[in-house]
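What follows is the residue order along each chain.
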There are 2 protein chains.
Amino acid sequence: MSRPKEFDREAALDRAIELFWSRGFEGTSIRDIVEATGVQKQSLYDTFGDKHALYLAALHHYLAQTDRTIAKLNDTGPSTVTILRGVLHGLATATCSGPRGCMLVQAVGELGPHDPAIGELAHTNVVALEKALAGLLRRGQSRGEIREDVSPRGAARMLITIMWGARSLGRGGVDEPWLRSALDHVLGTVAAPKT
Amino acid sequence: MSRPKEFDREAALDRAIELFWSRGFEGTSIRDIVEATGVQKQSLYDTFGDKHALYLAALHHYLAQTDRTIAKLNDTGPSTVTILRGVLHGLATATCSGPRGCMLVQAVGELGPHDPAIGELAHTNVVALEKALAGLLRRGQSRGEIREDVSPRGAARMLITIMWGARSLGRGGVDEPWLRSALDHVLGTVAAPKT
């Protein structure tokens, strides 16, 4: 009884991301997704499985942006402080526009404690980001751009926690200048003093 | 037609906090709250208003813990670094046990961008915490416990962002030792070197 899947999977996931990101997992119904994508319910189920599986597929699709962030962090061209500033300021701007916050942060907030698949996704994401950030900090130390007394692992964890906090706070309560002053302060704790 | 409100308001709010905190606003029904509190639906509505008003009342009740944190930060007895370490470690422990995370962080994550009342609550909370943290940092500087080159306002914002991030990350993806190493690193960026 399965129908031909004549729809654009990527486009459907992009629309699903928008809905889930804005309204959360519980706040989004399959009917909302059918309306937003124009794809019939049965086709969605045939392709993705149930609503939870569709949510996970959307989250995976969304997390391709982490790969882009990691590519930036691994770029050996610009100064490591410039790269870090770019990533942090980009985060502040992205957080304070569009659906706000981060779909992963929101997923963990809404479902994390009860949903092993979400916890696993978050863990994988944190580990990859920690490795890239610690690598950038070590590279910066060897180039005299990052303070020598900074622990790359501790500072990488601090930066990840700050990034999650910025994503979370940016959904309400503070504005972009506030976030930038917090992130610039963090940057100042790792950047080597200009000589 | 209103019934006498013969129930313990505080106890009902405590139960409502547990439910909303664990399942979110959308994931909790009035029926769940009626079952958990043993209070009839009409009595809940008579006392609190609708589900959203009950949610806000629960959140207000929950946020009394910020008053306790602020009282700790304002304690002029112990060393400022000891106070800060206690607050940050307490946060890591609290986050990685019980319902995990923070009800305010979760509320902002789920409803923040669409709910001015939640945004206002978060803003008030951030402003109060920023004032107390900046005050503690200034006090620490005058006592030689906090680095002189730290901007109290920037560091206070960094600390708040880290605290939100810890609350958010702790709901999935990292464990308590991971969080502690991130928070200890942050502490090291503000504490004066031991002489």
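Residues numbered from 1 in each chain as written. Chains lettered and ligands numbered in written order. Predicted model: local features only at pLDDT ≥ 70, side-chain atom pairs only at ≥ 80, totals over all residues. Heavy atoms only, no water.

## Describing the domain arrangement of chain A
Residue and element names in this part refer to chain A.
Okay, so step 1: Annotation of chain A at the domain level lists domain 1 (9-61) and domain 2 (63-190).
Okay, so step 2: Each partner contributes to the interface: domain 1 provides 15 residues, whereas domain 2 provides 17 residues.
Okay, so step 3: Both sides together, the interface formed by domain 1 and domain 2 hides about 1300 Å², and carbon and sulfur atoms give 66% of it.
Okay, so step 4: For domain 1, the biggest contributors to the area lost against domain 2 are W21, Y55 and L59; these three give 53% of the whole. (Domains from an automatic or database assignment. Contact = heavy atoms within 4.5 Å. Buried area = accessible area lost by both parts, 1.4 Å probe.)

## Here's the deal with the pattern of salt bridges
Residue and element names in this part refer to chain B.
Okay, so step 1: Applying the stated criterion across every chain, the model contains 12 salt bridges over all chains.
Okay, so step 2: The salt bridge partner of R15 is E18, with a shortest N-O separation of 2.4 Å. Of the two residues, R15 and E18 both sit in helix 1 (residues 9-23), three residues apart, roughly one turn of that helix.
Okay, so step 3: Judged by its relative accessible area of 43%, E18 is partly exposed. (Salt bridge = Lys/Arg side-chain N within 4 Å of Asp/Glu carboxyl O. Helix = DSSP H or I, 4+ residues; strand = E, 2+ residues; numbered from the N terminus. Buried < 20%, exposed > 50% of the residue type's maximum accessible area, 1.4 Å probe, protein only.)

## Considering the side chain of T28(B)
Residue and element names in this part refer to chain B.
Okay, so step 1: As for its position among the elements, T28 is in the loop between helix 1 and helix 2 (30-37).
Okay, so step 2: At 2.7 Å, the side chain of T28 and the backbone oxygen of G24 are in polar contact.
Okay, so step 3: Every residue in contact with T28, bar those within four places of it in the chain, is listed here: L19, F20, R23, I33 and K51. (Polar contact = N/O pair within 3.5 Å; in protein donor to acceptor, adjacent residues only side chain to side chain.)

## A few points about helix 1 of chain B
Residue and element names in this part refer to chain B.
Okay, so step 1: Spanning 15 residues, helix 1 covers 21 Å between terminal C-alpha atoms, matching the ideal 21 Å at 1.5 Å per step.
Okay, so step 2: Looking at helix 1, one finds that the buried residues are A12, L13, A16, I17, L19, F20, W21 and S22.
Okay, so step 3: As for helix 1, its buried residues are in contact with helix 2, helix 3 (41-48), helix 4 (51-62) and helix 7 (103-111).
Okay, so step 4: Of the residues flanking the start of helix 1, the one acting as N-cap is D8, its side-chain oxygen 3.0 Å from the backbone nitrogen of E10.
Okay, so step 5: G24 sits one or two residues past helix 1 and shows a positive phi near 85°. (Expected span 1.5 Å × (residues − 1).)

## Section: the packing of helix 4 of chain B against helix 8 (residues 116-142) of chain B
Residues and elements named next belong to chain B.
Okay, so step 1: With their axes 11 Å apart at the nearest point, helix 4 and helix 8 run at an angle of 10° to one another. By the angle class used here, helix 4 and helix 8 are roughly parallel. Contacts from H52, Y55, L56, L59 and H60 of helix 4 reach helix 8 at A117, I118 and L121. (Axes fitted to C-alpha atoms, helices over the stretch in contact; angles between N-to-C directions. Parallel < 35°, antiparallel > 145°, perpendicular 65-115°, else oblique.)

## Re the packing of helix 10 (residues 176-190) of chain A against helix 9 (residues 152-169) of chain B
Okay, so step 1: Put simply, helix 10 of chain A and helix 9 of chain B touch, their axes get as near as 8 Å, and they point 100° apart. Taken together, helix 10 of chain A and helix 9 of chain B sit at an angle that is classed as roughly perpendicular. Of the residues in helix 9 of chain B, those in contact with P177(A), W178(A), S181(A), A182(A), H185(A), V186(A) and T189(A) of helix 10 of chain A are G154(B), A155(B), R157(B), M158(B), I160(B) and T161(B).
Okay, so step 2: Its residues assigned to classes, the contact of helix 10 of chain A with helix 9 of chain B shows seven nonpolar, five polar and one charged. (Nonpolar A, V, L, I, M, F, W, Y, C, P; charged D, E, K, R; others polar.)

## Concerning the relation of the copies chain A and chain B
Okay, so step 1: Note on the copies: chain A fits chain B at an RMSD of 0.0 Å, the axial shift is 0.0 Å, and the rotation between them is 180°. Within this description, the copies of the chain are treated as partners about a two-fold rotation axis. Within chain A, G165(A) has its C-alpha nearest the rotation axis, a separation of 1.7 Å.
Okay, so step 2: Interface overlap between copies is the fraction of interface residues in one copy that are interface residues in the other; for chain A against chain B it reaches 100%, indicating a shared surface. (Least-squares fit on C-alpha atoms with pLDDT ≥ 70 in both.)

## Some points on the side chain of K51(B)
Okay, so step 1: Its place among the elements puts K51(B) in helix 4.
Okay, so step 2: This buried residue, K51(B), is left without a salt bridge; E26(B) holds the nearest opposite charge, at 5.0 Å. (Lys, Arg positive; Asp, Glu negative; His and termini not counted.)

## Examining the environment of P193(A)
Residues and elements named next belong to chain A.
Okay, so step 1: Mapped onto the elements, P193 comes out in the segment after helix 10.
Okay, so step 2: The class of P193 is exposed, set by a relative accessible area of 55%.
Okay, so step 3: With 131 residues separating them along the chain, P193 and Y62 place their C-alpha atoms 37 Å apart.

## Details of the confidence of the model for chain A
Residue and element names in this part refer to chain A.
Okay, so step 1: Residues of chain A with pLDDT of at least 70 account for 95%, and the chain-wide mean is 89.
Okay, so step 2: At the low end of the mean pLDDT range in chain A sits helix 7 (residues 103-111), at 80; at the high end sits helix 10, at 95.
Okay, so step 3: This prediction of the complex comes with two scores: 0.88 for pTM and 0.87 for ipTM. (pLDDT = per-residue confidence, 0-100.)

## Focus on the interface of chain A and chain B
Okay, so step 1: At the junction of the two partners, chain A supplies 43 residues and chain B supplies 43 residues.
Okay, so step 2: For the pairing of chain A and chain B, the buried interface totals around 3400 Å² over both sides, and the portion due to carbon and sulfur atoms is 65%.
Okay, so step 3: Area buried by chain A at its contact with chain B is led by T161(A), W178(A) and H185(A), which between them contribute 18% of it.
Okay, so step 4: Scanning the region where chain A abuts chain B turns up zero salt bridges.
Okay, so step 5: The interface formed by chain A and chain B contains six residue pairs in polar contact (both at pLDDT 80 or more).
Okay, so step 6: Elements with a minimum of two residues in the side of chain A that touches chain B: helix 7, helix 8 (116-142), helix 9 (152-169) and helix 10 of chain A.
Okay, so step 7: In terms of residues, the side of chain A that touches chain B owes the most to one element, helix 9 of chain A, which gives 12 residues.
Okay, so step 8: Split by residue class, the side of chain A that touches chain B holds 19 nonpolar, 18 polar and six charged.

## What about the packing of aromatic side chains?
Residues and elements named next belong to chain B.
Okay, so step 1: In total, this model carries 10 aromatic pairs over all chains according to the counting rule given.
Okay, so step 2: When the centroid spacing of 6.5 Å and the interplanar angle of 45° are considered together, the rings of F7 and F48 count as tilted. Of this pair, F7 sits in the segment before helix 1 while F48 is found in helix 3, placing the two residues 41 residues apart along the sequence. Side by side, F7 and F48 carry an identical accessibility label, which is buried. (Phe/Tyr/Trp six-rings, centres within 6.5 Å; stacked < 30°, edge-to-face > 60°.)

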